Amino acid sequence: MMSNFISIRLSVVLIIISIISIQVKASSDGLEGIRKNEPYHVRISFSNQLGTMNMGWNSISATAQKQFVEYGRYPGELKHSAPAQVEESQLEKRNDSLITWVYSARMGGLAPSSKIYYRIATLIENGKLEHTPTRYFYSKPEANAIKNVRFAAYGDQGERNEGAFQVANQLTKLVSPHSSSPLHFALHVGDLAYTFENFTKWNVWSSMMSEVLSTTPYMVTAGNRDEIAILEERLPMPSPYQPMKGHQNMYFEFDYGHVAVVTISYFE
């Protein structure tokens, strides 16, 4: 049972998760094909200020590399950049000589209700840059700027089970550029991956949800089967208690158009 309370008011168009054929598949450890220094498991979420967006990702290497976000209104004109802070993961310990690094950046100066293109740059030898493929998301609108808000709210997903695949597959379709009604954000109301200190499960879940996490603001609150430390390291939320560890994913709120979302979790 999830230990949280969600209050949502005003005009909402709620996308119902339906049962469809399974297309998203899980890999054995969620990290197949990942190269050293390559940014992976990119995730975006709302910040607590209009015109900004939070972004996080991971990489694996012996030493941390300089990485940052390039972004802009057009895919060929990524004129802005946001530096990334990096910390060694205190939770995911590897069996090899490499280290899992956790990056976080905040993009600013975003025009409301705009399509924002971005890519992550890595500074390598000889001053050269490597880039991830260019992706995009939509920035938050100003208050009352849109009438209909489309979001998905769900919980108790897990990983490597039929229901988890179905949810991931349907969400991936809903955030696709070909979707007739793309989501404005996703709201995961607890019990994401049932990791139980097993980072293979977390990586499998993150890979399964990668299209959603990297293109749609992903907001989460903690359930009784979530580990708060993992959520705060990988998916920190815009809580007024930041940077108080152990609380920033427990209580937070955000607005989107006519919609106000308040999350309160009493699971500690």
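Here we summarise the structure given alongside this text. Here the residue index of a chain counts from 1 through its sequence in written order. A pLDDT threshold of at least 70 governs which residues receive local features in this predicted model, and a stricter bar of 80 or more applies before side-chain atom pairs are shown or counted, although totals over entire chains, interfaces and linings include all residues. As a convention, hydrogens and water are excluded, and side-chain values are obtained from all of the structure's heavy atoms.

**Things to note about the overall build of the protein chain**
Thought 1: A run of DSSP states H or I qualifies as a helix once it reaches four residues; a run of E qualifies as a strand once it reaches two. Both are numbered from the N-terminal end. On a plain count of helices and strands, the protein chain comes out with four helices and 15 strands.
Thought 2: Only protein chains enter the accessibility calculation, which uses a 1.4 Å probe; a residue whose area is less than 20% of its type maximum is buried, one above 50% is exposed, and one in between is partly exposed. In the protein chain, which comprises 268 residues, the proportion classed as buried is 49%.
Thought 3: The contact rule is simple, with two residues in contact once any of their heavy atoms fall within 4.5 Å. Considering only contacts within the protein chain whose residues lie at least 6 apart along the sequence, 69% involve residues at least 24 apart.
Thought 4: Total accessible area on the protein chain is roughly 12700 Å²; 51% of this is exposed by carbon and sulfur atoms. Where accessible areas are quoted, they stem from the Shrake-Rupley method and a 1.4 Å probe; at the residue level, only the protein chains shown are allowed to cover.

**Description of the environment of leucine 123**
Thought 1: Secondary-structure assignment places leucine 123 in strand E8 (residues 115-123).
Thought 2: The class for leucine 123 is partly exposed, based on a relative accessible area of 32%.
Thought 3: Each C-alpha atom of the pair leucine 123 and asparagine 37 lies 9.6 Å from the other, and the pair is 86 residues apart in sequence.
Thought 4: Once you skip the residues sitting within four places of it in the chain, leucine 123 turns out to touch Gln65, Lys66, Lys128 and Leu129.

**Some thoughts on the side chain of serine 214**
Thought 1: Tracing the sequence through the fold places serine 214 in the loop between helix H3 (210-213) and strand E13 (218-220).
Thought 2: Residue contacts for serine 214: discarding those within four places in its chain leaves Val42, Ile44, Tyr118, Arg135 and Tyr136.

**Here we look at empty space enclosed by the protein**
Thought 1: Points on a 1 Å grid over protein atoms alone make up a cavity when a 1.4 Å probe fits among them but cannot get out, and a pocket when they form an open set with protein on both sides within 12 Å along at least five of seven lines; lining residues each have an atom within 4 Å of a point. Grid points are joined across faces, edges and corners, and a volume is the space filled by probe spheres set on the points. Counting across every chain of the model gives two cavities of 30 Å³ or more.
Thought 2: The volume enclosed by the largest cavity comes to roughly 50 Å³.
Thought 3: Per-class residue counts for the lining of the largest cavity are five nonpolar, four polar and one charged.
Thought 4: Estimated volume of the second largest cavity: approximately 40 Å³.
Thought 5: Lining the second largest cavity are Leu192, Ala193, Tyr194, Thr195, Trp202, Arg225, Asp226, Glu227, Ile230 and Leu231.
Thought 6: Amino acids outside the nonpolar list (Ala, Val, Leu, Ile, Met, Phe, Trp, Tyr, Cys, Pro) and the charged list (Asp, Glu, Lys, Arg) are all regarded as polar, and Gly is one of them. Residues of the lining of the second largest cavity, tallied by class, amount to six nonpolar, one polar and three charged.

**Observations concerning the pairing of strand E6 (residues 80-88)**
Thought 1: Strands qualify as paired when DSSP identifies two bridges or more between them. As judged from the four bridges shared by strand E5 (residues 67-72) and E6, these two strands associate in the antiparallel manner. Across the sheet, glutamate 70 pairs through a bridge with serine 81, a residue of E6.
Thought 2: For E6 and strand E7 (residues 99-107), the ladder comprises five bridges, and the chain directions are antiparallel. By the bridge assignment, alanine 84 is partnered in E7 with alanine 105.

**Brief notes about unusual backbone geometry**
Thought 1: Positive phi outside glycine occurs at aspartate 191, with the angle close to 60°.
Thought 2: Within the fold, aspartate 191 resides in the loop between strand E12 (185-188) and helix H2 (199-208).
Thought 3: Overall, the relative accessible area of 0% leaves aspartate 191 in the buried class.

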